Amino acid sequence: MEKVFVARLDELASRMGKEVIVGAQKIAVFRLSDDRVKAIENVCPHKQGPLAEGTVSGEYVFCPLHDYKIDLNDGQVQDPDEGCVRAYETIVEDDLVYVMV
């Protein structure tokens, strides 16, 4: 795996997503209310919409197109829906945010 810089921590608004492109991968990066950072694939598995535009609550993001929540830790979609998106390991060092790809 490779550690790739994606943003400065102060560039990420709390509880909002930001899309970053790493190679051909679209990744949604989220700064949680406690300043932890999570990253998942930025394409809803059902509606193909951008998850970075969803609303964050706790450790979940609500898809902006159909309002099911997706776990930011493992990418699992809430019941009764199913599916998942890829979750990425994130690292914050000296206010710089990296994802492992």
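Just above, that's the structure.
Residues numbered from 1 in each chain as written. Predicted model: local features only at pLDDT ≥ 70, side-chain atom pairs only at ≥ 80, totals over all residues. Heavy atoms only, no water.

**Q** Looking at this model, I keep getting lost on the overall build of the chain. Mind explaining?
**A** Helix and strand counts for the chain stand at zero helices and 10 strands. Along the chain, helices (α) and strands (β) appear in the sequence β-β-β-β-β-β-β-β-β-β when read from the amino end. Relative to the compact-globule value of 13 Å for 101 residues, the chain shows a C-alpha radius of gyration of 12 Å, a close match. For the C-alpha atoms alone, the extent of the chain along its principal axes is close to 40 × 30 × 20 Å. For the chain, the residues scored as buried account for 39% of the 101 residues in total. When the accessible area of the chain is evaluated, it comes to approximately 5600 Å², of which 44% is carbon and sulfur surface. When the 11 basic and 19 acidic side-chain charges of the chain are each reduced to a single mean position, those positions are 2 Å apart. (Helix = DSSP H or I, 4+ residues; strand = E, 2+ residues; numbered from the N terminus. Rg over C-alpha atoms; globule rule 2.2 N^0.38 Å. Buried < 20%, exposed > 50% of the residue type's maximum accessible area, 1.4 Å probe, protein only. Areas by Shrake-Rupley, 256 points an atom, 1.4 Å probe, with all protein chains shown as cover. Lys, Arg positive; Asp, Glu negative; His and termini not counted. Charge placed at Lys NZ, Arg CZ, Asp CG, Glu CD.)

**Q** Hey, could you run me through the pattern of salt bridges in this one?
**A** If charged atoms from side chains of opposite charge come close, those side chains can pair. Scanning the entire structure with this criterion turns up six salt bridges. Residue Lys18 pairs with Glu11 through a salt bridge whose shortest N-O separation is 3.8 Å. With relative accessibility at 44%, the residue Glu11 sits in the partly exposed group. Here Asp35 makes a salt bridge to Arg31, at a shortest N to O gap of 2.8 Å. For Asp35, a relative accessible area of 38% corresponds to the partly exposed category. Judged by relative accessible area, which is 17%, Arg31 ranks as buried. What you see here is one network of salt bridges that share partners, running through Asp34, Arg36 and Glu59. (Salt bridge = Lys/Arg side-chain N within 4 Å of Asp/Glu carboxyl O.)

**Q** Would you mind showing me how to read the sheet that holds strand β9 (residues 90-93) here?
**A** Think of a sheet as strands paired side by side through backbone hydrogen bonds, with each pair either parallel or antiparallel. Spatially, the three strands line up as an open sheet ordered β1-β10-β9, and their pairing is antiparallel. Since the sheet does not close on itself, it has two edges, and those belong to β1 (3-8) and β9, each with one partner. Pairwise comparison of adjacent strand axes, ignoring direction, gives a mean angle of 30 degrees for this sheet. (Pairing = 2+ DSSP bridges. Axes fitted to C-alpha atoms, helices over the stretch in contact; angles between N-to-C directions.)

**Q** Help me understand the packing of aromatic side chains in this model?
**A** The geometry of an aromatic ring pair is captured by the separation of the ring centres together with the interplanar angle, meaning the angle of the planes. In the structure shown here, the tally under the stated rule is one aromatic pair. Cation over ring: Lys3 sits above Tyr98, and NZ or CZ is 4.6 Å from the ring centre. (Phe/Tyr/Trp six-rings, centres within 6.5 Å; stacked < 30°, edge-to-face > 60°. Lys NZ or Arg CZ within 6 Å of the ring centre and 35° of its normal.)

**Q** What is the right way to look at the environment of Leu9 in this model?
**A** Secondary-structure assignment places Leu9 in the loop between β1 and β2 (17-22). Owing to a relative accessible area of 10%, Leu9 belongs among the buried residues under this scheme. Here the alpha-carbon distance between Leu9 and Val92, two residues 83 residues apart in the chain, equals 7.8 Å. Sequence-distant contacts of Leu9, defined by excluding residues within four places in its chain, comprise Arg31, Asp35, Val37, Asp95 and Val97. (Contact = heavy atoms within 4.5 Å.)

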